[in-house]
Amino acid sequence: MGHLETKEVLEAELRGIIEWERKQKDIWFWEKLGRLPFLLLDRITPKFVQEKLGVALNEMGSYVQSGGRYLISERSILDKLEEQAGLSSDSLTIDKAGQLPLEVMDRVADDLTGTRSKMAAVQGATTGFGGIFTLAIDIPALLGLSLKVLQEIAVCYGYDPKEKRERVFVVKCLQFASSDIVGKRAVLEELAEFTEERGQNQVISQLQGWREVVTSYRDNFGWKKLFQLVPIAGMIFGAFINKGTLQDVAEAGKMLYRKRRIVERLTELEQ
(Lines give C-alpha, C1' and ligand atoms only; values in the text may rest on other atoms or scores of the structure.)
Protein backbone atom coordinates (compact mmCIF):
# COMPACT_ATOMS: atom_id res chain seq x y z
CA MET A 1 0.00 0.00 0.00
CA GLY A 2 3.02 2.32 0.11
CA HIS A 3 4.52 4.31 2.93
CA LEU A 4 1.99 6.04 5.15
CA GLU A 5 2.59 9.39 6.77
CA THR A 6 4.46 9.98 10.01
CA LYS A 7 2.77 11.56 13.00
CA GLU A 8 4.57 14.84 12.29
CA VAL A 9 3.35 14.91 8.69
CA LEU A 10 -0.22 14.11 9.72
CA GLU A 11 -0.19 16.85 12.36
CA ALA A 12 1.09 19.35 9.80
CA GLU A 13 -1.64 18.34 7.34
CA LEU A 14 -4.26 18.65 10.07
CA ARG A 15 -3.07 22.16 10.91
CA GLY A 16 -3.47 23.07 7.25
CA ILE A 17 -7.07 21.87 7.23
CA ILE A 18 -7.88 23.71 10.45
CA GLU A 19 -6.50 26.89 8.90
CA TRP A 20 -8.72 26.29 5.86
CA GLU A 21 -11.73 25.91 8.15
CA ARG A 22 -10.87 29.19 9.86
CA LYS A 23 -10.87 31.02 6.55
CA GLN A 24 -14.32 29.78 5.53
CA LYS A 25 -16.38 32.94 5.68
CA ASP A 26 -19.48 34.33 4.10
CA ILE A 27 -21.08 37.74 3.75
CA TRP A 28 -24.44 38.26 5.39
CA PHE A 29 -25.58 40.73 2.73
CA TRP A 30 -25.19 38.18 -0.05
CA GLU A 31 -26.89 35.54 2.06
CA LYS A 32 -29.99 37.73 2.35
CA LEU A 33 -29.85 38.84 -1.29
CA GLY A 34 -29.54 35.21 -2.34
CA ARG A 35 -33.15 34.52 -1.49
CA LEU A 36 -34.54 37.22 -3.79
CA PRO A 37 -34.41 35.25 -7.08
CA PHE A 38 -36.34 32.40 -5.48
CA LEU A 39 -38.95 34.72 -4.03
CA LEU A 40 -39.47 35.94 -7.59
CA LEU A 41 -39.41 32.37 -8.88
CA ASP A 42 -42.19 31.39 -6.48
CA ARG A 43 -44.29 34.39 -7.53
CA ILE A 44 -44.09 34.15 -11.33
CA THR A 45 -43.43 30.48 -12.04
CA PRO A 46 -46.46 28.46 -13.16
CA LYS A 47 -47.79 26.00 -10.61
CA PHE A 48 -46.81 22.91 -12.60
CA VAL A 49 -43.17 24.04 -12.64
CA GLN A 50 -43.24 24.68 -8.88
CA GLU A 51 -44.72 21.24 -8.34
CA LYS A 52 -42.03 19.63 -10.51
CA LEU A 53 -39.30 21.40 -8.54
CA GLY A 54 -40.91 20.34 -5.26
CA VAL A 55 -41.05 16.69 -6.32
CA ALA A 56 -37.40 16.74 -7.38
CA LEU A 57 -36.34 18.24 -4.05
CA ASN A 58 -38.45 15.74 -2.12
CA GLU A 59 -36.54 12.91 -3.78
CA MET A 60 -33.43 14.12 -2.00
CA GLY A 61 -34.96 13.14 1.33
CA SER A 62 -34.89 9.48 0.39
CA TYR A 63 -31.13 9.70 -0.15
CA VAL A 64 -30.42 9.82 3.59
CA GLN A 65 -32.57 6.76 4.19
CA SER A 66 -31.69 4.53 1.25
CA GLY A 67 -29.35 6.34 -1.14
CA GLY A 68 -31.90 5.90 -3.91
CA ARG A 69 -30.80 6.73 -7.42
CA TYR A 70 -28.03 8.97 -6.12
CA LEU A 71 -25.78 6.11 -5.01
CA ILE A 72 -22.74 5.51 -7.20
CA SER A 73 -20.75 2.51 -8.37
CA GLU A 74 -17.50 2.71 -6.43
CA ARG A 75 -15.52 0.38 -8.74
CA SER A 76 -14.48 3.13 -11.15
CA ILE A 77 -13.12 5.21 -8.26
CA LEU A 78 -11.23 2.24 -6.86
CA ASP A 79 -9.73 1.65 -10.31
CA LYS A 80 -8.42 5.22 -10.33
CA LEU A 81 -6.93 4.72 -6.88
CA GLU A 82 -5.29 1.49 -8.02
CA GLU A 83 -3.76 3.25 -11.01
CA GLN A 84 -2.35 6.07 -8.88
CA ALA A 85 -1.04 3.65 -6.24
CA GLY A 86 0.44 1.23 -8.78
CA LEU A 87 -1.66 -1.71 -7.59
CA SER A 88 -2.93 -4.67 -9.57
CA SER A 89 -6.35 -4.39 -11.17
CA ASP A 90 -9.44 -5.11 -9.03
CA SER A 91 -7.35 -5.78 -5.91
CA LEU A 92 -8.59 -2.76 -3.98
CA THR A 93 -11.65 -2.57 -1.72
CA ILE A 94 -13.05 0.51 0.00
CA ASP A 95 -11.63 -0.62 3.35
CA LYS A 96 -8.18 -1.06 1.82
CA ALA A 97 -8.49 2.31 0.08
CA GLY A 98 -8.48 3.86 3.54
CA GLN A 99 -4.94 2.54 4.01
CA LEU A 100 -3.50 4.29 0.96
CA PRO A 101 -1.15 7.30 1.31
CA LEU A 102 -2.93 10.66 1.51
CA GLU A 103 -1.21 11.91 -1.64
CA VAL A 104 -2.82 9.10 -3.66
CA MET A 105 -6.26 9.91 -2.23
CA ASP A 106 -5.74 13.62 -2.89
CA ARG A 107 -4.73 13.15 -6.54
CA VAL A 108 -7.81 11.08 -7.35
CA ALA A 109 -10.10 13.47 -5.45
CA ASP A 110 -8.64 16.44 -7.36
CA ASP A 111 -9.03 14.63 -10.67
CA LEU A 112 -12.68 13.86 -9.90
CA THR A 113 -13.30 17.48 -8.91
CA GLY A 114 -11.97 18.68 -12.25
CA THR A 115 -14.04 16.18 -14.24
CA ARG A 116 -17.28 16.78 -12.34
CA SER A 117 -16.82 20.57 -12.48
CA LYS A 118 -16.71 20.39 -16.26
CA MET A 119 -19.90 18.29 -16.22
CA ALA A 120 -21.57 20.90 -14.00
CA ALA A 121 -20.54 23.65 -16.42
CA VAL A 122 -22.10 21.83 -19.37
CA GLN A 123 -25.23 21.17 -17.32
CA GLY A 124 -25.45 24.85 -16.32
CA ALA A 125 -25.06 26.01 -19.91
CA THR A 126 -27.75 23.60 -21.08
CA THR A 127 -30.31 24.53 -18.44
CA GLY A 128 -29.38 28.22 -18.64
CA PHE A 129 -30.55 28.34 -22.25
CA GLY A 130 -34.22 28.40 -21.29
CA GLY A 131 -34.11 30.96 -18.50
CA ILE A 132 -36.55 30.73 -15.62
CA PHE A 133 -38.24 27.48 -16.67
CA THR A 134 -35.08 25.41 -17.05
CA LEU A 135 -33.78 26.88 -13.77
CA ALA A 136 -36.37 24.71 -12.03
CA ILE A 137 -34.63 21.70 -13.59
CA ASP A 138 -31.11 22.97 -12.96
CA ILE A 139 -31.38 23.19 -9.16
CA PRO A 140 -32.23 19.54 -8.41
CA ALA A 141 -29.85 18.40 -11.17
CA LEU A 142 -26.96 20.31 -9.58
CA LEU A 143 -27.92 18.95 -6.16
CA GLY A 144 -27.79 15.42 -7.54
CA LEU A 145 -24.38 15.98 -9.14
CA SER A 146 -23.11 17.47 -5.88
CA LEU A 147 -24.25 14.42 -3.93
CA LYS A 148 -22.54 12.11 -6.39
CA VAL A 149 -19.17 13.89 -6.34
CA LEU A 150 -19.22 13.89 -2.53
CA GLN A 151 -19.81 10.14 -2.55
CA GLU A 152 -16.93 9.67 -4.97
CA ILE A 153 -14.68 11.67 -2.67
CA ALA A 154 -15.84 9.53 0.24
CA VAL A 155 -14.60 6.43 -1.62
CA CYS A 156 -11.27 8.20 -2.34
CA TYR A 157 -10.65 8.44 1.39
CA GLY A 158 -11.84 4.92 2.17
CA TYR A 159 -15.43 5.48 3.32
CA ASP A 160 -18.40 3.54 1.94
CA PRO A 161 -21.25 5.85 0.83
CA LYS A 162 -23.66 2.92 0.87
CA GLU A 163 -23.59 3.06 4.67
CA LYS A 164 -26.21 5.33 6.19
CA ARG A 165 -23.73 7.16 8.40
CA GLU A 166 -21.68 8.06 5.33
CA ARG A 167 -24.76 9.36 3.53
CA VAL A 168 -25.36 11.53 6.59
CA PHE A 169 -21.77 12.77 6.43
CA VAL A 170 -22.21 13.56 2.72
CA VAL A 171 -25.29 15.67 3.42
CA LYS A 172 -23.44 17.50 6.21
CA CYS A 173 -20.63 18.28 3.74
CA LEU A 174 -23.27 19.66 1.39
CA GLN A 175 -24.73 21.71 4.21
CA PHE A 176 -21.29 23.06 5.12
CA ALA A 177 -20.62 24.17 1.54
CA SER A 178 -23.89 26.10 1.32
CA SER A 179 -24.01 27.61 4.83
CA ASP A 180 -23.07 31.05 6.09
CA ILE A 181 -20.24 31.38 8.63
CA VAL A 182 -22.52 30.60 11.59
CA GLY A 183 -23.82 27.49 9.86
CA LYS A 184 -20.29 26.37 8.96
CA ARG A 185 -19.23 26.60 12.59
CA ALA A 186 -22.24 24.55 13.67
CA VAL A 187 -21.51 21.82 11.10
CA LEU A 188 -17.85 21.63 12.14
CA GLU A 189 -18.88 21.24 15.78
CA GLU A 190 -21.27 18.44 14.86
CA LEU A 191 -18.69 16.62 12.74
CA ALA A 192 -15.94 16.95 15.36
CA GLU A 193 -17.46 14.01 17.23
CA PHE A 194 -18.72 12.11 14.20
CA THR A 195 -16.35 9.18 14.67
CA GLU A 196 -17.93 8.54 18.06
CA GLU A 197 -21.22 6.65 18.13
CA ARG A 198 -22.84 9.34 20.27
CA GLY A 199 -21.85 11.99 17.75
CA GLN A 200 -23.23 9.96 14.83
CA ASN A 201 -26.57 9.50 16.54
CA GLN A 202 -26.76 13.21 17.29
CA VAL A 203 -26.05 14.20 13.69
CA ILE A 204 -28.55 11.65 12.35
CA SER A 205 -31.27 12.98 14.63
CA GLN A 206 -30.56 16.53 13.46
CA LEU A 207 -30.98 15.46 9.84
CA GLN A 208 -34.66 14.71 10.36
CA GLY A 209 -35.03 18.25 9.05
CA TRP A 210 -33.16 17.33 5.86
CA ARG A 211 -35.42 19.55 3.76
CA GLU A 212 -33.95 22.59 5.51
CA VAL A 213 -30.53 21.51 4.24
CA VAL A 214 -31.83 21.30 0.67
CA THR A 215 -33.72 24.61 0.92
CA SER A 216 -30.65 26.31 2.34
CA TYR A 217 -28.56 24.93 -0.52
CA ARG A 218 -31.05 26.28 -3.03
CA ASP A 219 -31.40 29.71 -1.43
CA ASN A 220 -27.79 30.39 -0.55
CA PHE A 221 -26.56 30.33 -4.13
CA GLY A 222 -29.71 31.99 -5.46
CA TRP A 223 -28.16 35.40 -6.10
CA LYS A 224 -25.61 33.75 -8.35
CA LYS A 225 -28.51 32.42 -10.43
CA LEU A 226 -30.12 35.81 -10.95
CA PHE A 227 -28.67 36.31 -14.45
CA GLN A 228 -29.44 32.75 -15.39
CA LEU A 229 -33.09 33.76 -15.48
CA VAL A 230 -32.39 35.49 -18.80
CA PRO A 231 -32.85 33.12 -21.78
CA ILE A 232 -29.79 32.50 -24.00
CA ALA A 233 -27.50 34.74 -21.89
CA GLY A 234 -28.20 32.36 -19.02
CA MET A 235 -26.04 29.77 -20.77
CA ILE A 236 -22.86 31.69 -19.96
CA PHE A 237 -23.82 32.45 -16.38
CA GLY A 238 -25.18 28.95 -15.82
CA ALA A 239 -21.94 27.29 -16.92
CA PHE A 240 -19.78 29.58 -14.79
CA ILE A 241 -21.99 29.40 -11.70
CA ASN A 242 -22.54 25.64 -11.74
CA LYS A 243 -18.83 24.98 -12.17
CA GLY A 244 -17.98 27.22 -9.22
CA THR A 245 -20.69 25.72 -7.04
CA LEU A 246 -19.54 22.16 -7.75
CA GLN A 247 -15.94 23.12 -7.02
CA ASP A 248 -16.97 24.59 -3.66
CA VAL A 249 -18.89 21.44 -2.75
CA ALA A 250 -16.03 19.16 -3.81
CA GLU A 251 -13.49 21.23 -1.88
CA ALA A 252 -15.60 21.03 1.28
CA GLY A 253 -15.98 17.26 0.83
CA LYS A 254 -12.27 16.74 0.24
CA MET A 255 -11.18 18.79 3.24
CA LEU A 256 -13.73 17.30 5.65
CA TYR A 257 -13.12 13.69 4.60
CA ARG A 258 -9.38 14.30 4.54
CA LYS A 259 -9.51 15.71 8.06
CA ARG A 260 -11.48 12.70 9.24
CA ARG A 261 -8.94 10.27 7.77
CA ILE A 262 -6.01 12.20 9.28
CA VAL A 263 -7.61 12.30 12.73
CA GLU A 264 -8.27 8.55 12.59
CA ARG A 265 -4.64 7.85 11.63
CA LEU A 266 -3.33 10.06 14.42
CA THR A 267 -5.59 8.22 16.88
CA GLU A 268 -4.23 4.88 15.68
CA LEU A 269 -0.65 6.07 16.10
CA GLU A 270 -1.33 7.23 19.64
CA GLN A 271 -2.82 3.88 20.53
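Everything here concerns the structure above.
Note that residues are indexed from 1 along each chain, following the sequence as it is written. Per-residue local features are limited, in this predicted model, to residues with pLDDT of at least 70; the limit for side-chain atom pairs, both in listing and counting, is 80 or more; totals at the level of whole chains, interfaces and linings are taken over all residues. As a rule here, side-chain values come from all non-hydrogen atoms in the structure, and water together with hydrogens is ignored.

### Points about the nonpolar core
At step 1: As used in this record, nonpolar core signifies buried Ala, Val, Leu, Ile, Met, Phe, Trp, Tyr and Cys residues forming a set joined through side-chain atoms within 4.5 Å. The buried label goes to any residue with under 20% of its type's maximum accessible area, the exposed label to any with over 50%, and the partly exposed label to all in between, with areas taken from a 1.4 Å probe on protein chains only. Counting residues in each nonpolar core, the largest one holds 56 residues, and the members touching the most others are Leu 81, Tyr 157 and Tyr 257.
At step 2: With twelve residues, helix H8 (residues 132–156) is the single largest residue contributor to this core. Helix and strand definitions follow DSSP, with helices as H or I runs of at least four residues and strands as E runs of at least two, each counted in order from the N terminus.

### Brief notes about the packing of helix H9 (residues 164–178) against helix H13 (residues 234–270)
At step 1: To obtain each axis, a line is fitted to C-alpha atoms, and for helices this fit is confined to the stretch in contact; angles are then taken between N-to-C directions over 0 to 180 degrees. For the pair H9 and H13, the least separation of the axes is 9 Å and the interaxial angle reads 130°. As far as their axial angle goes, H13 and H9 are oblique. Two packed elements cross with a definite hand, and for H9 against H13 that hand is right-handed. On the side of H9, the interface is formed by Arg 165, Glu 166, Phe 169, Val 170, Cys 173, Leu 174, Phe 176 and Ala 177, while H13 contributes Asp 248, Val 249, Ala 252, Gly 253, Leu 256, Tyr 257 and Arg 260.
At step 2: In the contact of H9 with H13, the residues fall into ten nonpolar, one polar and four charged. Geometric relationships in this document are graded by angle, where less than 35 degrees denotes roughly parallel, more than 145 denotes roughly antiparallel, 65 to 115 denotes roughly perpendicular, and other angles denote oblique. Handedness of a crossing follows from how the near helix is turned relative to the far one, being left-handed for an anticlockwise turn of less than a right angle and right-handed for a clockwise one. The contact criterion used throughout is that any non-hydrogen atoms of two residues lie within 4.5 Å. Residue classes follow a fixed rule: Ala, Val, Leu, Ile, Met, Phe, Trp, Tyr, Cys and Pro count as nonpolar, while Asp, Glu, Lys and Arg count as charged, and any other residue, Gly among them, counts as polar.

### Looking at the packing of aromatic side chains
Working definition: an aromatic ring pair is given by the centre-to-centre distance plus the angle between the planes.
At step 1: Ring pairs are drawn from Phe, Tyr and Trp, using the six-membered ring of Trp, whenever the two centres fall within 6.5 Å, and their geometry is named by plane angle: stacked under 30 degrees, edge-to-face over 60, tilted for the rest. Per the counting criterion, the structure on display carries four aromatic pairs.
At step 2: With a centroid separation of 5.3 Å and 35° between ring planes, the pair formed by Tyr 159 and Tyr 257 is classed as tilted. One end of the pair, Tyr 159, is in the loop between H8 and H9; the other, Tyr 257, is in helix H13, with 98 residues separating them in the sequence. Across the pair, exposure class does not vary: Tyr 159 and Tyr 257 are buried alike.
At step 3: Ring centres 4.5 Å apart and planes at 50° place the aromatic pair Phe 169 and Tyr 257 in the tilted group. Of the two residues, Phe 169 sits in helix H9 while Tyr 257 sits in helix H13, which places them 88 residues apart along the sequence.

### Re unusual backbone geometry
At step 1: A positive phi angle is found at Asp 90, which is not glycine, with a value near 60°.
At step 2: Here Asp 90 shows up in the loop between helix H5 (75–85) and helix H6 (94–97).
At step 3: Using a relative accessible area of 52% as the deciding quantity, one classes Asp 90 as exposed.

### Things to note about the environment of Ile 18
At step 1: Counting through the fold element by element, Ile 18 comes out in helix H1 (residues 7–23).
At step 2: Taking the C-alpha atoms as reference, Ile 18 lies 8.5 Å from Lys 259; in sequence the two are 241 residues apart.

### Overview of H5
At step 1: Among the residues making up H5, those that are buried are Ile 77, Leu 78, Leu 81 and Glu 82. What you see down the axis of H5 is that its buried residues fit within an arc of 145°, all on one side.
At step 2: Of the residues trailing H5, Gly 86 is marked for its positive phi of about 70°. What the arc describes is the spread of directions from the helix axis to the C-beta atoms.

### Brief notes about the layout of surface pockets
At step 1: Approximately 200 Å³ is the volume found for the second largest pocket.
At step 2: Lining the second largest pocket are twelve residues, with Leu 191, Ala 192, Lys 259, Arg 260 and Val 263 sitting closest to its centre.
At step 3: When contributions to the lining of the second largest pocket are tallied by element, the ones reaching two or more residues are helix H10 (181–191) and H13.
At step 4: Ranked by residue count, the leading element in the lining of the second largest pocket is H13, at four residues. Space inside and on the surface of the protein is sampled on a 1 Å grid over the protein atoms alone, with a cavity defined as a set of points where a 1.4 Å probe fits but cannot get out and a pocket as an open set with protein on both sides within 12 Å along at least 5 of 7 lines; lining residues have an atom within 4 Å of a point. Grid points are joined across faces, edges and corners, and a volume is the space filled by probe spheres set on the points.

### Regarding the environment of Leu 78
At step 1: By the element assignment, Leu 78 lies in helix H5.
At step 2: Residues Leu 78 and Ser 89 lie eleven residues apart in sequence; the distance between their C-alpha atoms is 9.3 Å.
At step 3: Apart from residues lying up to four places away in sequence, Leu 78 is in contact with Leu 92, Thr 93, Ile 94, Ala 97 and Val 155.

### Observations regarding the pattern of salt bridges
At step 1: By definition here, a salt bridge exists when the distance from a side-chain nitrogen of Lys or Arg to a carboxyl oxygen of Asp or Glu is within 4 Å. Under the defined criterion, the tally for this structure stands at 19 salt bridges.
At step 2: Notably, a salt bridge pairs Glu 13 with Arg 258, separated by 2.8 Å at the nearest N-O pair. With Glu 13 in helix H1 and Arg 258 in helix H13, this residue pair connects regions lying 245 residues apart in the sequence.
At step 3: For Arg 75, the salt bridge is made with Glu 82, and the minimal N-O distance between the two is 2.9 Å.
At step 4: When salt bridges that share partners are traced, they join Glu 163, Arg 165, Glu 166, Arg 260, Arg 261 and Glu 264 into one network.

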